[in-house]
Amino acid sequence: MEPALLADPVKGYGALREQGRVVRGRFMDDSPVWIVTRFDDVREVLRDQRFVNNPAASQGGADDGPLGRLMETMGLPDEFRPYLLGSILNNDAPDHTRLRRLVSRAFTARKITDLRPRVERIADDLLARLPEHAENGAVDLIEHFAYPLPITVICELVGIPEADRPQWRAWGADLVSLEPGGLARSLPAMVAHIHELIRTRRASLTDDLLSELIRAHDDDGGRLSDVEMVTMVLTLVLAGHETTAHLIANGTAALLTHPDQLALLKSDPALLPRAVHELMRWCGPVQMTQLRYASEDLDLAGTPVRKGDSVLLTLVAANFDPRHYDAPERLDLTRHPAGHAENHVGFGHGMHYCLGATLARQETEVALGRLLAHYPDVSLAVRPDDLERAQLPGNWRLMALPLRL
């Protein structure tokens, strides 16, 4: 929460990285935490199943950890806590494996490839309408393109009606803002909305993901509980648009402030897949993982860690680690070899690797490629220093991205 760290996380977490492989710090609720900073160590912890996501599992009790304490501070009624604490993001094997298997078929490489023409049509429609939203010659790309594209795609995939999507965006903004009252106001409304959506869809099942979850629940209730079904919809829709929207916005801003890299991409659009990996490394919207917990006493990069200790993995420090990258501060769209394994930790690693990573990469490729095709002379409408970021720990999110088309 230190202002200097929020203002320049690359520099701030970089200083921690050079201080040590594992650094002692404090989390947002002032609880002690081990901060892991270097690329190889971050990847190692991400794939080490001795580190778990559920604090109760590591401590043999019902402690909900800092997330539970944060929900209490923000006034969330107790009956709604399971909808956040019980998500796939907070579960470990075997529950995590069971839940992930239920939805993974919707995110296979083949499914995402088949979805690409639809993503392109949505992008083209939004881009064609951008001039309608211009004020004083400038248009906010986040408001009118970076958000509408991924939320439309994920809502169509899950089965959220078009009329409900603006409300989902407002709810999502409330949940990530950490503003007092936002969580307590929006989460109960989202839960009630999803329950009603399930009731309506159950009467007329289709081929969307929501119908698949209803079938899994109704045909074999042991595979998916009521709370898990609601939580899965909640998680997929929020995770499926919030971070992708900001990857598109951050990536666009990065290209427009690096004219050499922008020119390179314009001259060779086939570079887009590699470019998206570099943008995810260089300006990814998520800069740290949620807390992990040691399930036993262990040695972490030479530091003794006790069972139940919390561990924070700083993706931004790892993605700028000079031990792993040459000149990591340089944006280099050719950095990642085509067709090779992912050379960053922007989407995580191991069992909890981002379920929607393939879709997020595709949406960002389409967004950047179609934007430059529609508006090859696009430019920032403000000075780079005037771009305002949300002061949220662990996030890199622009408040707006005003462009001249």
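Anything mentioned here points back to the structure above.
This write-up is about the structure you can find in this document. (Residues numbered from 1 in each chain as written. Predicted model: local features only at pLDDT ≥ 70, side-chain atom pairs only at ≥ 80, totals over all residues. Heavy atoms only, no water.)

## Re the overall build of the protein
Right, so step 1: Summing up its helical and strand segments, the protein has 19 helices and 10 strands in all.
Right, so step 2: Relative to its length of 405 residues, the protein is compact, with a C-alpha radius of gyration of 21 Å against a globular reference of 22 Å.
Right, so step 3: Over its C-alpha atoms, taken along the principal directions, the protein stretches across nearly 60 × 60 × 40 Å.
Right, so step 4: Residue pairs in contact within the protein that sit at least 24 positions apart in sequence constitute 71% of those at least 6 positions apart.
Right, so step 5: Roughly 17900 Å² of accessible area belongs to the protein as shown, and the carbon and sulfur atoms make up 51% of that amount.
Right, so step 6: Taking the average place of the 44 positive charges on the side chains of the protein and the average place of its 57 negative ones, the gap between the two points comes to 3 Å. (Helix = DSSP H or I, 4+ residues; strand = E, 2+ residues; numbered from the N terminus. Rg over C-alpha atoms; globule rule 2.2 N^0.38 Å. Contact = heavy atoms within 4.5 Å. Areas by Shrake-Rupley, 256 points an atom, 1.4 Å probe, with all protein chains shown as cover. Lys, Arg positive; Asp, Glu negative; His and termini not counted. Charge placed at Lys NZ, Arg CZ, Asp CG, Glu CD.)

## What about the packing of aromatic side chains?
Here a ring pair, both rings aromatic, is described through the centre-centre distance and the interplanar angle of the planes.
Right, so step 1: Across all of its chains, the model carries 4 aromatic pairs by this definition.
Right, so step 2: Summarising the aromatic geometry, the rings of Phe39 and Tyr325 are spaced 5.8 Å apart at their centres and angled 85 degrees between planes, so their arrangement reads as edge-to-face. With a gap of 286 residues between them, Phe39 in helix 3 (residues 39–47) and Tyr325 in the loop between helix 18 (315–319) and helix 19 (357–374) connect regions that are remote in the sequence. Like Phe39, the residue Tyr325 is buried in the burial classification. (Phe/Tyr/Trp six-rings, centres within 6.5 Å; stacked < 30°, edge-to-face > 60°. Buried < 20%, exposed > 50% of the residue type's maximum accessible area, 1.4 Å probe, protein only.)

## Considerations on the environment of Gly20
Right, so step 1: Checked against the element boundaries, Gly20 lands in the loop between helix 2 (9–19) and strand 1 (22–26).
Right, so step 2: For Gly20 and Val36, which are 16 residues apart along the polypeptide, the C-alpha to C-alpha distance reads 8.5 Å.
Right, so step 3: With residues up to four places along the chain from it excluded, the contact list for Gly20 reads Thr37 and Arg38.

## Some remarks on the side chain of Asp208
Right, so step 1: Tracing the chain through its elements places Asp208 in the loop between helix 12 (182–202) and helix 13 (209–219).
Right, so step 2: A polar atom in the side chain of Asp208 sits 3.4 Å from the backbone nitrogen of Leu210. (Polar contact = N/O pair within 3.5 Å; in protein donor to acceptor, adjacent residues only side chain to side chain.)

## Re helix 14 (residues 226–239)
An α-helical turn contains 3.6 residues, so any two residues separated by three or four positions project in the same direction.
Right, so step 1: Taking 1.5 Å per residue, 14 residues should reach 20 Å; helix 14 reaches 20 Å between its end C-alpha atoms and fits that length.
Right, so step 2: Within helix 14, 11 of the 14 residues are buried, leaving the element largely enclosed by the surrounding structure.
Right, so step 3: For helix 14, the set of buried residues is Glu228, Met229, Val230, Thr231, Met232, Val233, Leu234, Thr235, Leu236, Val237 and Leu238. (Expected span 1.5 Å × (residues − 1).)

## A word on the sheet that holds strand 4 (residues 139–140)
Consider a sheet: its strands pair through backbone hydrogen bonds, and that pairing is either parallel or antiparallel.
Right, so step 1: One open sheet accounts for 3 strands, arranged 4-10-9; its pairing is antiparallel. For this open sheet the edge positions go to strand 4 and strand 9 (379–380), each flanked by a neighbour on one side alone.
Right, so step 2: Summarising the sheet, strand 9 and strand 10 (residues 402–404) pair through 2 bridges and their orientation is antiparallel. Bridging from a neighbouring strand, Leu380 pairs with Leu403 of strand 10. (Pairing = 2+ DSSP bridges.)

## Digging into the pattern of salt bridges
Right, so step 1: Counting across every chain of the model gives 25 salt bridges.
Right, so step 2: Linking Arg306 and Asp297 is a salt bridge whose minimum nitrogen-to-oxygen distance equals 3.6 Å.
Right, so step 3: Overlapping salt bridges, with partners in common, bring together Arg17, Glu18, Asp321 and Arg323 in one network. (Salt bridge = Lys/Arg side-chain N within 4 Å of Asp/Glu carboxyl O.)

## Points about the sheet that holds strand 5 (residues 292–294)
Right, so step 1: Across the sheet, 5 strands lie side by side as 1-2-8-5-3; this open sheet has mixed pairing. In this open sheet, the two strands that pair with only one neighbour each are strand 1 and strand 3 (51–52).
Right, so step 2: Across 2 bridges, the pairing between strand 3 and strand 5 is antiparallel. Opposite Val52, over in strand 5, you have Tyr293 as the bridge partner.
Right, so step 3: Contacts from helix 3 reach strand 2 (32–36), strand 3, strand 5 and strand 8 (310–313), with the element oriented near 125 degrees to strand 8. (Axes fitted to C-alpha atoms, helices over the stretch in contact; angles between N-to-C directions.)

## A few points about the packing of helix 12 against helix 13
Right, so step 1: Viewed as axis vectors pointing N to C, helix 12 and helix 13 meet at an angle of 80 degrees, and their least axial separation amounts to 10 Å. The angle between helix 12 and helix 13 falls in the class roughly perpendicular. Residue-level contacts link Leu197, Ile198, Arg201 and Arg202 of helix 12 to Leu210, Ser211, Ile214, His217 and Asp218 of helix 13.
Right, so step 2: Among the residues forming the contact of helix 12 with helix 13, the class breakdown is 4 nonpolar, 2 polar and 3 charged. (Parallel < 35°, antiparallel > 145°, perpendicular 65-115°, else oblique. Nonpolar A, V, L, I, M, F, W, Y, C, P; charged D, E, K, R; others polar.)

## Some points on the environment of Leu405
Right, so step 1: Residue position: Leu405 is located in the segment after strand 10.
Right, so step 2: Along the sequence, Leu405 and Leu359 sit 46 residues apart, while their C-alpha atoms lie 26 Å from each other.
Right, so step 3: With near-sequence residues (within four places) excluded, Leu405 lies in contact with Leu130, Pro131, Val139, Tyr375, Asp377 and Val378.

## Concerning unusual backbone geometry
Right, so step 1: Residue Pro94 follows Ala93 across a cis peptide bond; omega there is 5 degrees.
Right, so step 2: Within the secondary structure layout, Pro94 lies in the loop between helix 6 (82–85) and helix 7 (95–104).
Right, so step 3: Phi at Asp30 takes a positive value of approximately 75 degrees, unusual for a residue other than glycine.
Right, so step 4: Within the secondary structure, Asp30 sits in the loop between strand 1 and strand 2.
Right, so step 5: Its identity is not glycine, yet Ala327 carries a phi of approximately 45 degrees, on the positive side.

## Notes on helix 2
Right, so step 1: Residues of helix 2 that are buried: Pro9, Gly12, Tyr13, Gly14, Leu16 and Arg17.
Right, so step 2: Buried positions along helix 2 lie against helix 1 (3–7), strand 1, strand 2 and helix 18.

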